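Breakdown of the fold
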Amino acid sequence: MTPRVAIFAPHPLLTVTLEREGPERDKVHFHPGGQGVWVARMAACLGAEPVLCGFQGGESGELLSRLLEDLPGERHLVSTTSASGCYVTDRRSGERELLTCALSDPPSRHELDELFSITCAEAIADGWLAVTNPLPAEALPLEIYGDLVADARAGGCRTLVDLSTPRLDSALRGEPDLVKLNDWQLAEFIRGPVSEPSQLRAAAQRLCDQGAQAVIVTRGELPALVLAGDRAWRLTPPRLTRGFREGCGDAMLGALAATWARGESFERALEVGAAAGAANFLRHGLGNASREVVERLVDSVVLESITAGE
């Protein structure tokens, strides 16, 4: 039976990308994007059925909803009076340059209640929930994150969150099963440095002390730190130097959620997640890779237990 993973993705985006194909030919690409979409895409790649829960509205939302039909899984999109967000990037130079961006206005209370109730019901029915950030960051009231995590877990759902402060602080009150974040987000959470190993370990432990059942702190190409209960690991991704960082963390979360939901061990889910992040790094598409590439890269991931002093 294919596992289902609900994804709280309040603001899927319409993305427009300019690319150069040949010396005198440009091409324009239209895709659905945003953190939740990229999580969903990789979860599907690794064998889960993602259920995307978010807002859509306006002309940009009409085009976005049609593009989302190509995304595997289900979609529960709440219509809003505000238009869906859209951004335009230029990659013709080989680098990613943001040309313009228009974001959504905050939803009404009725629109927010509808999205919350749909997401919570779907999460409890599916047994798995991934929670991602809104865009703009301040679009939703902070209490929704803690309430969503708490209600989903009360219904027997495992919850994975990838949020920045102060949304992370709210989610911790619901005691999520997993918090995934990067080192700069962790520094923002503790309002201090995390560059030294002892600082990193102490800061990650604070997340556990405040409600997280497990924590993953990624650091780009450097090994990630993982804490779960009284155990700790160093998670080293495949060594790659030329690629695109956008969406690697989201690809990691999607693959981890799918693998864990399939019944694999937490340790195996960590390894597959790290491989998926590396596979995304090799591609232009955000949150995109083939399952075959991910499975080949898993052998290059190193997961090793560490002690308190490491």
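That block above? That's the structure.
Residues numbered from 1 in each chain as written. Predicted model: local features only at pLDDT ≥ 70, side-chain atom pairs only at ≥ 80, totals over all residues. Heavy atoms only, no water.

1. Remarks on helix H9 (residues 266-281)
Rule in force here: Helix and strand definitions here come from DSSP, where helices need a minimum of 4 consecutive H or I residues and strands a minimum of 2 consecutive E residues; each element is numbered from the N-terminal end. Helices are assigned an expected span. That span is 1.5 Å times one less than the residue count. The cut-offs for exposure are 20% and 50% of the maximum accessible area for each residue type, with area from a 1.4 Å probe on protein chains only; residues under the lower value are buried, those over the upper are exposed, and the others partly exposed.
Helix length check: H9, at 16 residues, gives a terminal C-alpha distance of 23 Å against a target of 22 Å (1.5 Å per residue), a fit within 8%. In terms of burial, H9 is largely enclosed, as 14 of its 16 residues are buried.

2. Some words on the environment of Glu-304
Threshold: The criterion used for residue contact is that any of the two residues' heavy atoms lie within 4.5 Å.
In this structure, Glu-304 sits in strand E14 (residues 302-305). The exposure class assigned to Glu-304 is partly exposed, which follows from its relative accessible area of 33%. Sequence-distant contacts of Glu-304, that is, excluding residues within four places in its chain, are made with Ala-232, Trp-233, Arg-234 and Thr-236.

3. A few points about the packing of aromatic side chains
Which entries qualify depends on this criterion: Only the six-membered ring of Trp is used, alongside the rings of Phe and Tyr, when aromatic pairs are assigned; centres must lie within 6.5 Å, and planes under 30 degrees apart are stacked while those over 60 apart are edge-to-face, with the rest tilted.
In this structure the tally under the stated criterion is four aromatic pairs. Between Phe-8 and Tyr-145, the aromatic rings sit 6.5 Å apart at their centres with planes inclined by 80°, giving edge-to-face as the arrangement. Of this pair, Phe-8 sits in strand E1 (residues 4-8) while Tyr-145 sits in helix H4 (residues 143-154), placing them 137 residues apart in sequence. Judged by centre distance (6.0 Å) and plane angle (65°), the rings of Trp-233 and Phe-266 are edge-to-face. Residue Trp-233 is found in strand E13 (residues 231-236), and its partner Phe-266 is found in helix H9; the two are separated by 33 residues along the sequence.

4. Observations regarding unusual backbone geometry
Pro-136 follows Leu-135 through a cis peptide bond whose omega is 10°. Relative to the helices and strands, Pro-136 is located in the loop between strand E8 (128-132) and H4. Residue Pro-166 follows Thr-165 across a cis peptide bond; omega there is 5°. The residue Pro-166 is located in the loop between strand E9 (158-162) and helix H5 (167-172) in this model. Notably, Glu-175 is not glycine yet its phi reads approximately 60°, a positive angle. Assignment of secondary structure puts Glu-175 in the loop between H5 and strand E10 (178-182).

5. Structural notes on the side chain of Ser-82
For clarity, the cut-off: Here a polar contact means two N or O atoms within 3.5 Å. Within protein one must be a hydrogen donor candidate and the other an acceptor candidate, and residues neighboring in sequence count only if both atoms are side-chain atoms.
Residue position: Ser-82 is located in the loop between strand E5 (74-79) and strand E6 (86-90). A polar side-chain atom of Ser-82 sits 2.8 Å from the main-chain amide nitrogen of Asp-105.

6. Structural notes on the sheet that holds strand E3 (residues 26-33)
Condition: Whether two strands pair depends on DSSP finding at least two bridges between them. Each axis is a line fitted through C-alpha atoms, taken for helices only over the stretch in contact, and angles between the N-to-C directions span 0 to 180 degrees.
Spatial strand order, E3-E2-E6-E7: four strands in an open sheet with mixed pairing. Whereas interior strands pair on both sides, the edge strands pair on one side only; in this sheet they are E3 and strand E7 (97-102). Strand-to-strand twist across the sheet, computed as the mean angle between neighbouring axes with direction ignored, equals 15°. Relative to E6, strand E2 (residues 13-20) runs parallel, the two being bridged by five bridges. When the sheet's bridge partners are listed, Leu-18 is paired in E6 with Asp-90.

7. Quick word on helix H7 (residues 197-209)
Basically, it comes down to this: The arc in question is the one spanned by the directions pointing from the helix axis to the C-beta atoms.
A rise of 1.5 Å per residue sets the reference length of H7, with its 13 residues, at 18 Å; its end C-alpha atoms lie 18 Å apart and thus fit the reference within 8%. Buried within H7 are the following residues: Leu-200, Arg-201, Ala-203, Ala-204, Leu-207 and Cys-208. For H7, the buried positions fall inside an angular range of 165° around the axis, keeping them on one side. Summarising the geometry of H7, the exposed residues directed more than 90 degrees from the buried face are Ser-198 and Asp-209. On its buried side, H7 packs onto H5, E10, helix H6 (183-190), strand E11 (214-219), strand E12 (222-228) and E13. Directly beyond the C-terminal end of H7, a positive phi value near 135° is found at Gly-211.

8. Focus: the pairing of E5
One face of the sheet, then the other: side chains in a regular strand alternate in exactly this way. So the rule is basically this: Here a crossover is taken to be right-handed if, once the strands point away from the viewer, the path from the first strand over the helix to the second is traced clockwise.
Where strand E4 (residues 49-56) meets E5, six bridges bridge the pair, whose relative direction is parallel. Along E5, the bridge assignment pairs Leu-52 with Arg-75. Each parallel crossover has a hand, and the one from E4 via helix H2 (residues 58-68) to E5 is right-handed.

9. Things to note about the pattern of salt bridges
Using the following cut-off: Only one rule defines a salt bridge in this text: a Lys or Arg side-chain nitrogen within 4 Å of an Asp or Glu carboxyl oxygen.
In this structure the tally under the stated criterion is 15 salt bridges. Across the pair Asp-26 and Arg-20 runs a salt bridge whose closest N-O atoms are separated by 3.0 Å. Salt-bridge contacts for Asp-90 lead to Arg-92; the nearest nitrogen and oxygen are separated by 2.7 Å. A relative accessible area of 32% means that Arg-92 is categorised as partly exposed.

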